[in-house]
Amino acid sequence: MSYASFESATRHSEGESIIAEDIATSGVQASEAVARYALALGDDALMLGQRLAHWISRAPELEEDIALGNIALDLIGHARFFLTYAGTAWGKTEDDLAYFRDEEEFRSVRLAEQENGDFGQTIARQLIFSYYQYELYTELMKSEDPTLAAIAAKALKEVEYHQDHATAWALRLGIGTEEANRRLQEGLYYMWPYIDELFYDFEPVAELPGVAVVPSTLRARFEERLHATIAEAQLQVPDVPQARGGDRSGVMSEHRGHILTELQVLARAHPGATW
Amino acid sequence: MTSTEKTPTLSPVADAPAAGASHEAEQAYFDALITEDSRVEPRDWMPEKYRKTLTRQVSQHAHSEIIGMQPEANWITRAPSLKRKAILMAKVQDEAGHGLYLYSAAETLGTPRHVLNEQLLEGRAKYSSIFNYPARTWADMGAIGWLVDGAAICNQVPLCRASYGPYGRAMVRICKEESFHQRQGWEILYELSHGTEAQKKMAQDAVNRFYGPALQMFGPPDADSPNSQQSMNWNIKRFSNDELRQRFVDMMVPQAEALGLTLPDPDIKWNEERGHYDYGPLDWDEFHSVIQGKGPCNVQRMQRRRAAHDEGAWVREAAAEYARKNAEQHAELMGA
Ligand SMILES: [Fe+2]
Ligand SMILES: [Fe+2]
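Residues numbered from 1 in each chain as written. Chains lettered and ligands numbered in written order. Predicted model: local features only at pLDDT ≥ 70, side-chain atom pairs only at ≥ 80, totals over all residues. Heavy atoms only, no water.

Colleague: Hey, could you run me through the overall build of chain B in this one?
Modeller: Counting its secondary structure elements, chain B contains 13 helices and 2 strands. Principal-axis analysis of the C-alpha atoms gives chain B an extent of 70 × 65 × 35 Å. Contacts in chain B between residues far apart in sequence, at least 24 positions, make up 75% of those at least 6 positions apart. Chain B carries 38 positive and 45 negative side-chain charges, and their two centres are separated by 5 Å. (Helix = DSSP H or I, 4+ residues; strand = E, 2+ residues; numbered from the N terminus. Contact = heavy atoms within 4.5 Å. Lys, Arg positive; Asp, Glu negative; His and termini not counted. Charge placed at Lys NZ, Arg CZ, Asp CG, Glu CD.)

Colleague: Teacher, can you tell me more about the coordination of the iron ion (ligand 1) here?
Modeller: As a benchmark, a tetrahedral metal site with four donors has ideal angles of 109.5 degrees, while an octahedral site with six donors has ideal angles of 90 or 180 degrees. Residues and elements named next belong to chain B. Protein coordination of the iron ion (ligand 1) is provided by Glu65 (OE), Glu95 (OE), His98 (ND1) and Glu178 (OE), with donor distances spanning 2.0 to 2.2 Å. Each of the 4 donor atoms around the iron ion (ligand 1) contributes to a set of angles spanning 82 to 148°, which defines the coordination as irregular. Counting residues between consecutive donors of the iron ion (ligand 1) along the chain gives the motif E-x29-E-x2-H-x79-E. Separation of the iron ion (ligand 1) from the iron ion (ligand 2) amounts to 3.3 Å, with Glu95 serving as a shared donor to the pair. Taken together, the residues span a long stretch of sequence, with Glu65 in helix α2 (residues 48–67) and His98 in helix α4 (residues 82–107) at a distance of 33 residues. Exposure class is identical for Glu65 and His98. Each is buried. (Donors = N, O, S within 2.8 Å, 3.2 Å for Na, K, Ca; no water. Tetrahedral: all angles 85-135°; square planar, octahedral: opposite > 155°, others 65-115°. Buried < 20%, exposed > 50% of the residue type's maximum accessible area, 1.4 Å probe, protein only.)

Colleague: Can you walk me through the coordination of the iron ion (ligand 2) in this structure?
Modeller: Residues and elements named next belong to chain B. Around the iron ion (ligand 2), the protein contributes the donor atoms Glu95 (OE), Asp149 (OD), Glu178 (OE) and His181 (ND1), which lie 1.9 to 2.2 Å from the metal centre. One can describe the donor arrangement at the iron ion (ligand 2) as irregular, given that its 4 donor atoms subtend angles of 83 to 163° at the metal. Donor residues for the iron ion (ligand 2) sit on one chain with the sequence pattern E-x53-D-x28-E-x2-H.

Colleague: Honestly, the interface of chain B and chain A in this entry has me stumped. Any pointers?
Modeller: A common measure of how large an interface is: the accessible area buried when the components associate. Between chain B and chain A, the residue contacts involve 49 residues of the former and 50 residues of the latter. For the chain B and chain A pair, buried surface summed over both sides reaches about 4,400 Å², with 68% attributable to carbon and sulfur atoms. Counting across the chain B and chain A interface gives 1 salt bridge. The interface formed by chain B and chain A includes 15 residue pairs in polar contact (both at pLDDT 80 or more). Tallying contributions element by element places α4(B) first for the side of chain B that touches chain A, with 14 residues. (Buried area = accessible area lost by both parts, 1.4 Å probe. Salt bridge = Lys/Arg side-chain N within 4 Å of Asp/Glu carboxyl O. Polar contact = N/O pair within 3.5 Å; in protein donor to acceptor, adjacent residues only side chain to side chain.)

Colleague: Honestly, the packing of helix α5 (residues 113–121) of chain B against helix α12 (residues 298–311) of chain B in this entry has me stumped. Any pointers?
Modeller: In a packed pair of helices, the relevant descriptors are the angle between the two axes and the axis-to-axis distance. All names here are of chain B. One can describe the packing of α5 onto α12 by two numbers: an axis separation of 10 Å at closest approach and a directional angle of 135°. Judged on the interaxial angle alone, α12 and α5 are oblique. Residues Asn117, Leu120 and Leu121 of α5 form the contact with α12, whose own contacting residues are Met302, Arg305, Arg306 and His309. Here the contact of α5 with α12 is composed, by residue class, of 3 nonpolar, 2 polar and 2 charged. (Axes fitted to C-alpha atoms, helices over the stretch in contact; angles between N-to-C directions. Parallel < 35°, antiparallel > 145°, perpendicular 65-115°, else oblique. Nonpolar A, V, L, I, M, F, W, Y, C, P; charged D, E, K, R; others polar.)

Colleague: Just to check I follow, could you spell out the pattern of salt bridges for this structure?
Modeller: Note on pairing: side chains with opposite charge can pair once their charged atoms come close. A full pass over the atoms with the stated rule returns 35 salt bridges over all chains. With its nearest N and O atoms 2.7 Å apart, the salt bridge here joins Glu72(B) to Lys91(B). Of this pair, Glu72(B) sits in helix α3 (residues 69–76) while Lys91(B) sits in helix α4, and the two are 19 residues apart along the sequence. In terms of burial, Glu72(B) and Lys91(B) fall into one category: buried. Through salt bridges that share partners, Glu32(A), Arg36(A), Glu203(A) and Glu207(A) make up one connected network.

Colleague: I'm lost on the environment of Met252(B) in this one. Help?
Modeller: With respect to the element layout, Met252(B) can be found in helix α10 (residues 241–259). Taking the relative accessible area as the measure of exposure, Met252(B) reaches 0% and is therefore buried.

Colleague: Can you walk me through unusual backbone geometry in this structure?
Modeller: Comment: phi is negative for the bulk of residues other than glycine, and the bulk of peptide bonds are trans. The residue after Glu203(A), namely Pro204(A), is reached through a cis peptide bond having omega 20°. By the secondary structure assignment, Pro204(A) is in the loop between α9 (195–198) and α10 (219–232). Of note, Ser57(A) is a non-glycine position whose phi angle comes to about 85°, a positive value. Note on placement: Ser57(A) falls in the loop between α2 (32–53) and α3 (62–90). Although it is not a glycine, Asn235(B) adopts a positive phi angle of roughly 60°.

In short, geometric facts, not functional conclusions.
Put into structure tokens, the structure is as follows:
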């Protein structure tokens, strides 16, 4: 399948790489199982993108307004790909899925939903999540599903930057000053209980051999690389219990409802409207 | 060059005076650059007043870009579609980039960015009054893009030819992005004005609130703008406030018609004789009161900026300390 490029005022991607509109107009249709898989990945990106977007105009320096804004923008882009693709199975648009599903219908991991906290907490979340996504997309690029593979290839390039950004800040904060080290260490403690859920082999992964990445297979490499960075940044790998309920259902999350309240408020006030 | 005689217009400006040249020679060289409509560069001598005027103008412009992020950031998390959310994020991010280019341009005049930032945080520097108005509805994202970025373009296109090189070059980059900003604002309003009744109402309401303040972005009427003439003599400003305002009105009237929205001024009327649209008086009392700090969001905007600065202090400190430690280690390795 090829995704030809076309001119658009609002197009952010360049050249031949995939954009959400290409998926919508290409005529591909995801199977029910592929759609449920894509939905979960899209929800992760959407939740974290929404969280990070809050930093814009509030960051420690202008350069970070831009950097965190960039990362948030990439994640919203990834969400648009996955949700658009998922929607092809059900005759729904990305916005139907983002704005008109209820809390219990989302499949995001709780790590992506955690609060920004201070910059240290945000970087802790970025560090864990970008290392996880790096492993995920590296494998998903090899998917037998060409659309998932194309999305992963595009996303991976951006996630590499997210990972570099998080690593650079982990070193600056971890090694820079005692206060920064303490704050980042605290951030890691807050985020650590939600790591199990990233590697939970959620339904429908088992139904999609060769198509979906089996999350549990990513864990060893993820830990090896993340722990090395944590050590280099003169921080400790937290020794804390994992939070129960790591199954992407959201049943054990308080944050998801608040995120959706803000995300969906305007769209839901005008059902059927176009923007 | 020892006399203050102007260089003839058709010949290129002579070489810059050597270091240690007389004040007269430096002044003559500067005057010649201006007469030739050439560019003054950071290394060139310039009158203190020119330097001060530009530092004030460029840094105020930078502050406006940064404070201007806030009203639009107010709607990023609530944008009604993912595509609109992405576009708005890209736009607000651009504004941060504009702030950075402009602070860099201002720094070449000799005032470091952190000093300019202090001036803003301590309330000693101004920024564009328009950003002291609240962004209440989604339609405000359209009105801000269409009217506020639209006015900014009218103001800034002539600044691409400003006599100070770094400022003019920064404006060239910025103007390219501003036209994308105005277009996204237009698209938002177009969708709304062709949407449901509630959406149309939202669009008209936003235009009603932002039109007047957008017109005031060009500054007070020429008669009340005593410093404009000096800026024009220095080729910083190319058109007067009222000329730019007229140009903006002439541009917006047909665009409003195309949008199906009404500009909130009953006096707008084509004047055949002038070849321009006539327009009604603006509320300059309101303008001055907002500048004096009585705008609806003055305190809120400054509070947000100060909070971001204060809460980020430990982060900047850690980054600086990390860089220092790295440099130290590097020096040790090199010395070993
Ligand atoms: Fe701008
Ligand atoms: Fe702009």
